[in-house]
Amino acid sequence: MDNCIFCKIINRELPSTIQYEDDRVMAFNDINQEAPIHVLIVPKVHIQSVNDIDETNADYLKDIHLAAKKIAQKLGVSEKGYRLINNCGESAGQTVPHLHYHLLAGVDMGTKLI
Ligand code: AMP
Ligand code: ZN
């Protein structure tokens, strides 16, 4: 997808600090770290948001979750805990229209979601 910053990161047209990559997903540090660990996990195909998930591409959700587990293990937060967040659409604060999950860890986030 032209002009999508996450597609450009996937294609190495923009720099990023890659934490994990396989043939289906990539994970890289968020440029604006909101926690000591803040990684974005994205599919390597352009899917705009959860609204665009269907039977043909839903396997990416599995891949993203398997990647999240591996990244948490690699970064040493599996046991202590981490938060996986998806923002879908404007009201939720989605600013980049390429499906992504925030993996946040390294701080006590408490029980409140908003
Ligand atoms: P969201 O608000 O859920 O759409 O999250 C988009 C995230 O992408 C934000 O947390 C931004 O800080 C992050 N972001 C934007 N541009 C880049 C970039 N070039 N590299 C890494 N993260 C980025
Ligand atoms: Zn994209």
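Here's a quick rundown of the structure. Here the residue numbering is sequential within each chain, running from 1 through the sequence in written order. Think of it this way: whatever chain is written first is A, whatever ligand is written first is 1, and the rest follow in order. Under the rules for a predicted model, residues below a pLDDT of 70 receive no local features and side-chain atom pairs below 80 are neither given nor counted, while totals for whole chains, interfaces and linings still include all residues. Side-chain descriptors were evaluated using all non-hydrogen atoms of the structure, hydrogens and water having been removed beforehand.

1. Notes on the overall build of the chain
Now for step 1: A tally of regular secondary structure across the chain gives 2 helices and 5 strands.
Now for step 2: Here a strand is any run of E in DSSP of at least two residues, a helix any run of H or I of at least four, and the numbering for each starts at the N terminus. Going residue by residue from the N terminus, the α and β elements of the chain occur as α-β-β-β-α-β-β.
Now for step 3: The atom set for the radius of gyration is the C-alpha atoms, and the globule formula is 2.2 Å times the number of residues raised to the power 0.38. Over its C-alpha atoms the chain spans a radius of gyration of 14 Å, differing by no more than 12% from the 13 Å that the globule rule assigns to 114 residues.
Now for step 4: Put simply, the chain has 114 residues, and 39% of those count as buried.
Now for step 5: Each accessible area is a Shrake-Rupley result for a 1.4 Å probe, and residues are judged covered by the shown protein chains and nothing else. Surface summary for the chain: the accessible area is close to 7,100 Å², and the carbon and sulfur share equals 50%.
Now for step 6: We count Lys and Arg on the positive side and Asp and Glu on the negative side, and we leave His and both chain ends out. Where a charge sits is defined by one atom per residue type, namely NZ (Lys), CZ (Arg), CG (Asp) or CD (Glu). Put simply, the chain has 11 plus and 15 minus side-chain charges, and the middle of one group is 7 Å from the middle of the other. Whether a residue is buried, partly exposed or exposed follows from its accessible area with a 1.4 Å probe, protein chains only, as a fraction of its type maximum: under 20%, in between, or over 50%, in that order.

2. Here we look at the layout of surface pockets
By rolling a water-sized probe across the atoms, one finds the places where empty space is left.
Now for step 1: Considering only enclosed or pocket space, the largest pocket measures out at about 330 Å³ in volume.
Now for step 2: Lining the largest pocket are 19 residues, and of these Phe6, Phe28, Asp30, Ile31 and Leu40 sit closest to its centre.
Now for step 3: Contributing elements (two or more residues each) for the lining of the largest pocket: α1 (5–10) and β2 (25–29).
Now for step 4: In terms of residue count, the dominant contributor to the lining of the largest pocket is α1 (3 residues).
Now for step 5: Under the scheme applied, nonpolar residues are Ala, Val, Leu, Ile, Met, Phe, Trp, Tyr, Cys and Pro; charged residues are Asp, Glu, Lys and Arg; polar residues are all the others, including Gly. When grouped by side-chain class, the residues that make up the lining of the largest pocket number 9 nonpolar, 9 polar and 1 charged.
Now for step 6: By volume, the second largest pocket is sized at about 210 Å³. Computed over the protein atoms alone on a 1 Å grid, cavities are sets of points where a 1.4 Å probe fits but cannot get out and pockets are open sets with protein on both sides within 12 Å along at least five of seven lines; a residue lines them when it has an atom within 4 Å of a point. Grid points are joined across faces, edges and corners, and a volume is the space filled by probe spheres set on the points.

3. Quick notes on the pattern of salt bridges
Now for step 1: In the sections that follow, a salt bridge refers to a side-chain nitrogen of Lys or Arg positioned within 4 Å of a carboxyl oxygen of Asp or Glu. Scanning the model with the defined rule gives 3 salt bridges in all.
Now for step 2: The salt bridge partner of arginine 12 is glutamate 21, with a shortest N-O separation of 2.9 Å.
Now for step 3: For the salt bridge of aspartate 63 with arginine 24, the shortest nitrogen-to-oxygen distance reads 2.7 Å. You can see aspartate 63 sitting in helix α2 (residues 59–74) and its partner arginine 24 sitting in the loop between β1 (18–21) and β2, a full 39 residues away along the chain.

4. Describing the packing of aromatic side chains
Now for step 1: Two rings from Phe, Tyr or Trp (for Trp, the six-membered ring) form a pair when their centres sit within 6.5 Å of each other. Planes less than 30 degrees apart are called stacked, planes more than 60 degrees apart edge-to-face, and all others tilted. Enumeration according to the criterion identifies 1 aromatic pair in this entry.
Now for step 2: Judged by centre distance (5.3 Å) and plane angle (75°), the ring pair of phenylalanine 6 and phenylalanine 28 falls under edge-to-face. With phenylalanine 6 in helix α1 and phenylalanine 28 in strand β2, this pair connects stretches of sequence that are 22 residues apart. This pair shows no difference in class: phenylalanine 6 is buried, exactly as phenylalanine 28 is.
Now for step 3: Whether a charge sits over a ring depends on NZ of Lys or CZ of Arg being within 6 Å of the ring centre and within 35 degrees of the ring normal. For the cation-ring pair, arginine 24 lies above tyrosine 60, with the distance from its terminal atom to the ring centre recorded as 3.9 Å.

5. Observations concerning the state of the cysteines
Now for step 1: The disulfide criterion used throughout: a pair of cysteine sulfur atoms within 2.5 Å. The tally for this structure, following the rule as stated, stands at 0 disulfides.
Now for step 2: The structure places no disulfide on cysteine 88, whose sulfur is separated from the nearest cysteine sulfur, that of cysteine 4, by 15 Å.

6. Topic: the sheet that holds β1
Now for step 1: Two strands make a pair as long as DSSP finds a minimum of two bridges between them. As summarised here, the arrangement of the 5 strands in space is β1-β2-β3-β5-β4, forming an open sheet in which the pairing is antiparallel. One side of each edge strand has no neighbouring strand; the edge strands of this open sheet are β1 and β4 (82–85). On average, each strand axis in the sheet is inclined to that of its neighbour by 20°, with strand direction left out of account.
Now for step 2: Looking at chain direction, β4 and strand β5 (residues 101–105) are connected through 4 bridges and run antiparallel. Counted as the bridge partner of tyrosine 82 is alanine 105 from β5.
Now for step 3: Any two residues whose heavy atoms approach within 4.5 Å are treated as being in contact. Note on geometry: axes are lines fitted to C-alpha atoms, helical ones only across the stretch in contact, with angles between N-to-C directions running from 0 to 180 degrees. The strands touched by α2 within the sheet are β1, β2, β3 (37–43), β4 and β5, with β3 carrying the most contacts at an inclination of about 150°.

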